[in-house]
Every structure is written in structure tokens, then in C-alpha cells.
Amino acid sequence: MNAARRIASVVHADALIRLRRTSTLVIFLLLSWLAWVWVPEPSSGFALMQIGGARVLYNSAAIALGTASLATVFIGLVGYYVVSNALKRDLETRAGFIVASTTVRNLEYIFAKFLGNLAFLTIFTFGYMLVSMAMIFVRGEAGLEPLVFVQHYLFLAAPALVMTSALAITFESVPFLSGRFGDVAYFFVWIGLLSLAAGSIAGEGASALAMVDMTGFAVMSAQMKEIYNLDSFGIGRMAFEAGTDPFTFNGLRFGAADVFSRVIAATVPLLLIPVAAFFFRRFDPAKVKASAARQGRHPIAWLNRRLKGLAAPLARIPLGASFPSQVANDALLTFQLAPLGIVAAVVLAVAAMATGDVEGLRSGLLPVAFVFIAAMIADGSSRDAHMLALLFSTPGARARYTILKVSSAILVTVTILAGPLARLALEDRRAALALLAGAAFVSSAATLLGIVTRNPKAFLVLFLLYWYVTVNDQGATAAFNFGGFFGEAVPMHAAAFAGAAAVMAAAAWGAWKARLAREW
Amino acid sequence: MLTIESVSKRYRGGHFGVRDLSLTVERGVLGLLGANGAGKTTLMQMIATITRPTSGRILFEEEDIAKKPDALRRRLGYLPQDFGVYDNLTAFEFLRYFAALKGVRDRARLDQMLEMVNLHGVSNRPVGGFSGGMRQRLGIAQALINDPDLLIVDEPTAGLDPEERVRFRNILSDLGGKRLVILSTHIVSDIESIATGIAVMREGSLVMHATPEEIMRQAEGKVWQAIVPSTDFDELRTRHRVSGAVRKSDGVHARFVSSTTPFAGARAAEPDLEDAFLLLMNPPPEAVAA
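## Remarks on the domain arrangement of chain B
Residue and element names in this part refer to chain B. Domain parsing of chain B yields domain 1 (2–216) and domain 2 (218–281). One C-alpha centre belongs to domain 1, the other to domain 2, and the line joining them spans 34 Å. Contact residues are listed per partner, giving 12 residues for domain 1 and 10 residues for domain 2. Sorting the residues of the side of domain 1 that touches domain 2 by element identifies β9 (197–202), β10 (205–210) and α7 (212–217) as the ones contributing at least two each. Classifying every residue of the side of domain 1 that touches domain 2 by side-chain character gives nine nonpolar, no polar and three charged.

## Focus on the sheet that holds strand β3 (residues 234–239) of chain A
All names here are of chain A. Spatially, three strands are ordered β2-β1-β3 in an open sheet, and the strand pairing comes out antiparallel. Two strands close off the open sheet at either side, each with one partner strand: β2 (54–55) and β3. Looking at chain direction, strand β1 (residues 46–51) and β2 are connected through two bridges and run antiparallel. Bridged to Ile-51 within β2 is Ala-54. Strand contacts of helix α3 (residues 60–83): β1 and β3, with the helix running at about 100 degrees to β1, the strand carrying the most contacts.

## Looking at the nonpolar core
Counting residues in each nonpolar core, the largest one holds 245 residues, and the members touching the most others are Leu-48, Ala-62, Leu-435 and Val-442 of chain A together with Leu-95 and Ala-141 of chain B. Ranked by residue count, the leading element in this core is helix α22 (residues 429–453) of chain A, at 17 residues. Other than its neighbours up to four places away in sequence, Leu-48 of chain A contacts Trp-38, Val-39, Val-56, Tyr-58, Ala-62, Ile-63, Gly-66 and Ile-235 of chain A.

## With respect to the interface of chain B and chain A
By convention, interface size is frequently given as the accessible area that disappears when the constituent parts associate. Listed by partner, the interface residues are 28 residues for chain B and 28 residues for chain A. When contributions to the side of chain B that touches chain A are tallied by element, the ones reaching two or more residues are α2 (69–73), β6 (76–79) and α3 (91–101) of chain B. With five residues, α3 of chain B is the single largest residue contributor to the side of chain B that touches chain A. Among the residues forming the side of chain B that touches chain A, the class breakdown is 14 nonpolar, seven polar and seven charged.

## Re the domain arrangement of chain A
All names here are of chain A. Domain parsing of chain A yields domain 1 (2–294) and domain 2 (299–519). Using only C-alpha atoms to locate each centre, domain 1 and domain 2 end up separated by 31 Å. Residue assignment for the side of domain 1 that touches domain 2 shows that the elements contributing at least two residues are α3 and α8 (180–201). The biggest single contributor to the side of domain 1 that touches domain 2 is α8, with six residues. A per-class count over the side of domain 1 that touches domain 2 returns seven nonpolar, one polar and two charged.

## Side note on helix α10 (residues 217–228) of chain A
All names here are of chain A. With 12 residues, α10 extends 15 Å from end C-alpha to end C-alpha; this agrees with the ideal 16 Å at 1.5 Å per step. Of the residues making up α10, those classed as buried are Phe-217, Ala-218, Val-219 and Met-220. Residue Asn-229 follows α10 closely and has a positive phi angle near 60 degrees.

## Here we look at the environment of Val-153 of chain B
Residue and element names in this part refer to chain B. Structurally, the position occupied by Val-153 is in strand β7 (residues 150–154). C-alpha of Val-153 to C-alpha of Thr-185: the two residues are 32 residues apart in sequence and 9.2 Å apart in space. If near-sequence neighbours (up to four positions away) are discounted, Val-153 is found in contact with Leu-79, Ile-140, Ala-143, Leu-172 and Leu-183.

## Some words on the environment of Ala-35 of chain A
Residues and elements named next belong to chain A. In this fold, Ala-35 is placed in helix α2 (residues 22–38). In this structure Ala-35 comes out as buried when scored by C-beta crowding, with 22 C-beta atoms within 10 Å. Considering only alpha carbons, one finds Ala-35 and Asn-481, 446 residues apart in sequence, at a separation of 24 Å. Setting aside residues up to four positions removed in sequence, Ala-35 forms contacts with Thr-67, Leu-70, Tyr-128, Val-131, Ser-132 and Met-135.

Rules and cut-offs
- Residues numbered from 1 in each chain as written.
- Chains lettered and ligands numbered in written order.
- Predicted model: local features only at pLDDT ≥ 70, side-chain atom pairs only at ≥ 80, totals over all residues.
- Domains from an automatic or database assignment.
- Contact = placed C-beta atoms within 7 Å.
- Helix = DSSP H or I, 4+ residues; strand = E, 2+ residues; numbered from the N terminus.
- Nonpolar A, V, L, I, M, F, W, Y, C, P; charged D, E, K, R; others polar.
- Pairing = 2+ DSSP bridges.
- Axes fitted to C-alpha atoms, helices over the stretch in contact; angles between N-to-C directions.
- Core = buried A, V, L, I, M, F, W, Y, C linked by C-beta atoms within 7 Å.
- Buried ≥ 20, exposed ≤ 12 C-beta atoms within 10 Å, placed from the backbone.
- Expected span 1.5 Å × (residues − 1).

Shown next, in the form of C-alpha cells:
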């Protein structure tokens, strides 16, 4: 009984802490806006679902299915990064020490934190479902059926909520996965889970894969084929053929076998909780220190430690007090903290000169290089959090902080890309310009999101998502081809990315000014 | 009540946080005194069952706390060093959270604690807007919520203004009557008026454990005061450990420790706890022959 009360108390406190954050409201508004984009006005030529060229009729079932699908994707990615600080917060505030000095059991605490994640994401999703229901009154072509919404959300989103909550607490508990390496690793886990969902739609072992399908896409596809005899359909702002009669979607079927497979998909992630409890160090300072040391054993940290000597000469570079010197100083600090960047620059330079195929360099090597660059510059403007007073005592740092950070990130990016840039400048100047614009675009985004959110996670997750779309889009959409990787480089596109970089830099400056006025 | 038997804490790499420390304490206020890095926090974390000794035992009322941590945890209140808060919770919500974790259901107890630390008037305000002193008071309220028999407070006055320090000291002094309070600090004035016992630590080891009077007594005959010209003060400082100095019109009124008569004109002074602590931390260098 006491354990239940303690668990309820942790869940309640975690929910309050998260729901009262401004960032929660911002993310909620973002998701709600995405839902409105996702369900466009049919007169625009786009619709929520497209089936055989026809648009879907906007009834409760169609809007519930479409928005719930978006929710599962959003929860799995953004939701994870939002809730993956449950233990970190207790460690940073040292409230964890107090928890450790109580009779709370490790498994009990981890389970409570998991439930805290789940409760928050569920409340968040419930709010989003209400917004989606409201869309019936604006764009609906049939009456509101609340139960249909609840059924579709439970059916599709519940496993995603459980899986994301369980993975978040597991990644936080396992020392190897609890840092920035884990943040990047999770993105690829998420991609893997989406691939599993795709794999479970057809082929060998489909039913087994459906058991870990957090998206519900597998069962959704199977039902579409079985009930509506559809081999393909599209969800999410799809173009349709005007003049064709709308397709009436009457909703998914919630038969015992289908519900059972979703219940299993929502239960399987619970197996992660004991694993998380096993690795949980109960805030023991000796073990957390040891964990931190072990965390340094993941490949990137291990390499950076081994390469520390490479960065030593950087400290001897004489720098003055001028603004360019300050920029160089900040960029050097990035390389000193992550000397792997020096190796990456050399490897890229050699590869750029050795490769015979410039197209291969642009579309193959450079996108991969940007994943590394993003990890390098992600914390450029958030790493100073505890040193701002010290920095502000240096000439000009306070007033020029934003431009300093943007310039430093660009310098780091351009240094790493120096070899490919040189090669492109010789053979395809437009491509070189597009790459430079991409460098500025990513650098400004990292600075803006770092200043606004005060941590590198938001940038990393948004960049990786954007990057994933870019690589899969293969240049079909100009708005995703940020480094001019695919097809012929278009100067107008490069100019647009450079402009976007300038806008983001200006936004970062505005956010910084507001923060200074508020806090300093 | 609390017995520490040859306890050591050794970290990876061989560094000792605490080395072979033994101590027995009963009810009252134990001041744990030592410079930064002396091992006070590590010792307190071991007593609070947050980390385990690598060797030795800690017994609370004859029970080994490493084997039966819950026996102590049910009766423990702990306020860690640099204690933070969940900014978005109100003081009441914050306290209720820890009350639930400690199995306390009585709402009246929460109100009573908030009143004791003088936060009842702001109990519905988010703690993110609290001053350092208010946060520490909230911290002591959560530590006391389960009416503990053992209260551990680690550097509780760090960052507090003088008025808050006095207020905090008075709260702890009142609490010491019926329980054991262990208070760590490197500031002698934090404990000189409230501690019934003092344990002095240096480099992970216990240097002395005694009553404040006994600690001061061992400094008798080794504390001196003199008025020296300001031009000679630097030389005095190089020869002796100075515990206090006030610059006046007739020169610098200096107070310092020395195991022998330092020079003609220096008068023996009655030692206080600050002098005794200084002496324990740094045995006085013999005066260089003039």
C-alpha cells in the first residue's frame, strides 16, 4: 500500500513538473499545428488520406486514424527526448540523494518514473486528441464520434506511449546510453522500430514483428487490405485527383485478435523495466562517478580521450582579444573538447581528394559528415550554462554572444568540411556555395535551438529527423536538400538556405536579448 | 546510537574519500568540521546509506546499516549539500512529494513543518522563485517530515546570508535535544554555539572527536595576541598561523597560534574554537629564530 502511494506520488510530481513547463505548451502547440497541416482543407488540393487517387471523406474515423498515426510517430521521437530526463533531473537537483536515503526500492522507483513518463505522454496525447476532435467542427464532413477517436487512439498510440516511456527510462538508467551518445543512438533505434513496423506489414515472421510494432502501421495496413481491399494508401497531406468521389473510411476493426496483438505490443516494452532497474545506480555518488567514467567508454568518448594529444597544439595558438580571435578561440575549444573533429576533417579531406566521383562525394559522404558535425556543434551554445558570469566578464562576450556562437559553429563546420569544399570549389562552384549555405543553415539552427532550449537535445532530434527526411527525399524537395547534396546545385536554393540561416541567427539574437533582459 | 567502525571509502583509481575512520556518537548535535575535500560529505553519504563503505561498518542502534539500510532509512532525515529543488512545484507540493516517499500521510504534519521553517505563508508559491535561504529551510522541512531520530545536514549554511545562517543555526539547535543531528561545515561559527560534540576531519581521516571544550582546551597556551606595526605583519604571517587580525591606529591587532612563546610583547590568549580548529588543521610551524 505504501509502495502504491509512493509510486503515485512520483507520478504526480513528475506530471506537475512537466506540465507546468513552457516548453510543454510550445511542443503541444507545435503538434497541434502539425495536426492542422496534416489534415488540410480539401479545397487546397491536398487531403489527410489518399486512396487510389481519391481523397478520404473527413469523418471521425478518418481524422482519428490520421491524427493518431501522426501522434505515434511524434511520441516515438519527440516524446522520448521530452521525457528522457526523469533521473537526470533528480541527479542534478540532488533530490535523488534524498530519494536514495528513503526506503523506496530500486524497481519501485524506476517503475514509478516509467509511469511518470507514461502519464505525461498520455495526458499530452489526450490533449492532442481533443484538438483533433475539434477539427471535425472546422473541416469535418460528418458528425463528431468521440468514441471512435478514443478507440483509434488507444489502438494505435497506446503501444507507442508504453514503448517510448520504457525506452526513455531504460536509456537513462544504462550508463552507456544515458548521454549524448544515447540521444543519437535512440534516433537510430527509432528508425529501426519504424523499419520493423514496415517489415511486419508483409513477409516472413510478420506476426512476430507486429508484437513490437509500436506504430500500429502493420495492423493498420493489414486491415486496409483485408477490409477495403487496398494495397496502398497514403496518410498525411496527400495530393489527390480533383473530381473523384471521396472515399468513405469507416474506421479500423477492433477484433479480438487485433486488440490482442496491440495489447502484446503495449506489454512487451514492460520487459525493459527490470533491465532499467538492474542498471539503476540509486544516485550512489561513487557509482555515478564510475558510471560517468564508463560512459566515457562508448566509442566516440573513448576515441576523443585517446585523441586528446591531437588537440594539445591548439592551446598554443596565439589569439588576441579581437572578435575574430574570440570566434577562433571558441571553435578551438570545440575541437579541444572533441578532437575526433580534427580526424574527421583530415579523413574527409583525404576522401574528398581521393574520390573520383564528385557526385558520390556530394550525395554519399557529405550527408554522413553532417551527422557527425551536428553532434560536434549541438552543445556549442548550451555548454556555457554554468560559465556565463565568467564569460560576461570578458570584453564584448555578452553583447556579441549570439554572433560569436553562430560564427564559431560555422567555423567548426567549415573546418571539418574544408577538404570537400576545396574539391567542390575546383570542380563545381555552385555545389561549393550550396555546401557553405548548408553549413551556415545547420550552424544557425544549432545556435538558435541551443539558446532557446538550453540543451543540445532539441537540435539533435530535429536535425536528425530533418536529415532522415533529406536522405530519403534524395533531392525531390528543395526545402530538404540543405547542403545541395542531391542533383544539380541551384544558387537560388543555396541563397534560400543562407537566408534561413540569417533568419535563425537573428531569432537566436532576439532570444538571447530577451534572456539577458529577464535573467541578467 | 551511531557507531562507525574503521570505515573507509576508496574510489576507483585508489583515492580514499574516507580512511579508517571510527567514531561513536549519541544524541545531540555533532559538528563535523573539516576543510573542503576532507571527506565530510563522503562520510555523511555513507551514514545516509547513499553509498556503501568499501571497508568497515556503520551501526545504527547496533544494526549494520549496509545489511539493513531500511531500519535506518525509516528514521533518517537527510539534507544534501547544494540541495536543489523542482522549480515548478509549490513548497507544499514539494514537501508532500517527499512526505509520500517517506510514508508520511498526515497533512497536519506538512503544515506544521512549513510553519516551523516559516514558509507557511508562501506554501503555494513555486519554489523556483525562492531565495537560497528559503530553499534550505524547505530542505530542512523535508528532512524533518518523518520526525527522524537521525538528521544529517551537509553544509546547510553555504550560500546563506548572515541572518539566514543564524535562523538556520537556531532551528538545528532546537532539534538536537531529542535526536542525533550531524552537521557538516568548514565554517567554525556554524557549530560553535550549538554543537555538543565536534569531529574534526582532515584528508579523509578523523583528527579529533571531543566536546567543544576539550577541543579548545588542547589549544591552551598556544594562542597568542600581539599588536604589531603593519610593516611587520607580513613577517608575522610567514612565521605563525594567524587566526585573526584587525587593523587599528596603533598597528595590527593579530591573533595567532604558536606552540612556544613567539616573541616579547606577545600575550597568551584564551583559545576559541576557531583557534583550536586552525591548530588541528595546521600544527604551528616553530617560530624562526629572530
